[in-house]
Amino acid sequence: LGRAAPVAVAEIQERVNAVFTDEERAVVLELAPEEVDVGSVAQVREVKGVQVATYFLPGEAPDAGLWLDAAAEVAARYEPILGASPHKKFDVVENFFQTGYGMPSYTLLGDDVIRYVTSGVKASGGKIPPGYLDHEYVHGWFGNGVFVSRADGNWCEASTTYYSNYLAKEQE
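Residues numbered from 1 in each chain as written. Predicted model: local features only at pLDDT ≥ 70, side-chain atom pairs only at ≥ 80, totals over all residues. Heavy atoms only, no water.

1. Topic: the pairing of strand 2 (residues 50–56)
Part 1 of the argument: Burial analysis of strand 2 places 6 of its 7 residues in the buried class, which makes it a mostly covered element.
Part 2 of the argument: Pairing of strand 2 with strand 3 (residues 89–95) involves 5 bridges; the strand directions are parallel. Opposite T54, over in strand 3, you have V92 as the bridge partner.
Part 3 of the argument: Handedness of the crossover joining strand 2 and strand 3 through helix 3 (residues 64–82): left-handed. (Buried < 20%, exposed > 50% of the residue type's maximum accessible area, 1.4 Å probe, protein only. Helix = DSSP H or I, 4+ residues; strand = E, 2+ residues; numbered from the N terminus. Pairing = 2+ DSSP bridges. Right-handed = clockwise from strand over helix to strand, strands pointing away.)

2. Topic: the side chain of T160
Part 1 of the argument: Among the secondary structure elements, T160 is positioned in helix 6 (residues 155–170).
Part 2 of the argument: At 3.4 Å, the side chain of T160 and the backbone oxygen of F142 are in polar contact.
Part 3 of the argument: Beyond its immediate stretch of four places on either side in the chain, T160 contacts H135, V138, H139, F142 and N165. (Polar contact = N/O pair within 3.5 Å; in protein donor to acceptor, adjacent residues only side chain to side chain. Contact = heavy atoms within 4.5 Å.)

3. Comments concerning the nonpolar core
Part 1 of the argument: Judged by nonpolar contacts, the single largest core of 30 residues is most densely connected at V52, W67, Y78, L82, V92, L133 and Y137.
Part 2 of the argument: Of all the secondary-structure elements, those providing two or more residues to this core are strand 2, helix 3, strand 3, helix 4 (111–124), helix 5 (134–138) and helix 6.
Part 3 of the argument: When residues of this core are assigned to their parent elements, the largest contribution, 11 residues, is made by helix 3.
Part 4 of the argument: Among residues more than four places away in sequence, those in contact with L133 are W67, A70, A71, V74, F90, V92, T107 and L109.
Part 5 of the argument: Ranked by size, the runner-up nonpolar core spans 5 residues in total, among them A53, Y55, V93 and Y106. (Core = buried A, V, L, I, M, F, W, Y, C linked by side-chain atoms within 4.5 Å.)

4. A word on the pairing of strand 4 (residues 100–103)
Part 1 of the argument: Of the pairings in the sheet, the one linking strand 4 to strand 5 (residues 106–110) comprises 4 bridges and is antiparallel in character. Its bridge partner lying in strand 5, G102 is registered against T107.
Part 2 of the argument: Joining the antiparallel neighbours strand 4 and strand 5 is a turn of 2 residues, in which S105 adopts a positive phi near 80°.

5. Notes on the confidence of the model for the protein
Part 1 of the argument: For the protein, per-residue confidence averages 76 on the pLDDT scale, and 75% of positions sit at 70 or higher.
Part 2 of the argument: Low pLDDT (under 50) marks residues 1–10, which in the prediction has 18 contacts with non-local residues, meaning those over four places away or in another chain.
Part 3 of the argument: Every residue in residues 27–38 is under pLDDT 50, and counting partners more than four places away or in other chains gives 20 contacts. (pLDDT = per-residue confidence, 0-100.)

6. Quick look at helix 4
Each full turn of the α-helix corresponds to 3.6 residues, which orients residues three or four apart in the same direction.
Part 1 of the argument: End to end, helix 4 covers 20 Å across 14 residues, agreeing with the expected 20 Å (1.5 Å per residue, within 8%).
Part 2 of the argument: Residues of helix 4 that are buried include every one of D111, I114, V117, T118 and V121, and no others. All buried residues of helix 4 lie within an arc of 140° about the axis, which places them on one face of the element. Opposite its buried face, helix 4 presents the exposed residues Y116, A123 and S124, each directed more than 90 degrees away.
Part 3 of the argument: Check the buried side of helix 4 and you find it contacts strand 2, helix 3, strand 3 and strand 5.
Part 4 of the argument: Phi turns positive one or two residues past the end of helix 4, at G125, with a value near 70°. (Expected span 1.5 Å × (residues − 1). Arc of directions from axis to C-beta.)

If you want it as structure tokens, here you go:
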């Protein structure tokens, strides 16, 4: 995996333009967590040209630093593998629905997911291990950078799993 050729951002944009209409693309790319009242921005950091941030509900806001550190590590880990991010930011957004969604430029995670992972990290005295955010971040390329054509099936989930979960396992 470490020797994989970077994905050219121009190639991603070309594929996006080929799959989606202007209206569809505008709807997908205009969604942004800062437009939704989910809490406060706990922290923001710049990593490899990508702004990473956390938007947490008040109850979990004190733990946002753990998630910000993990998001920063993920952004740094994938830049040499996949190339420059197709998105200028990656936000970790908490909500009260139990979700684990990768959107263009952010991931939407349920509060139970945040609490579960955070409690495990605190119990072990460590940090969020590779694999938790990697999958959602890599969706920035596969699924939210190069979009899936309804006619071709959901090939992006396999690519995302390969580049995220298997890479994390290899690097243990």
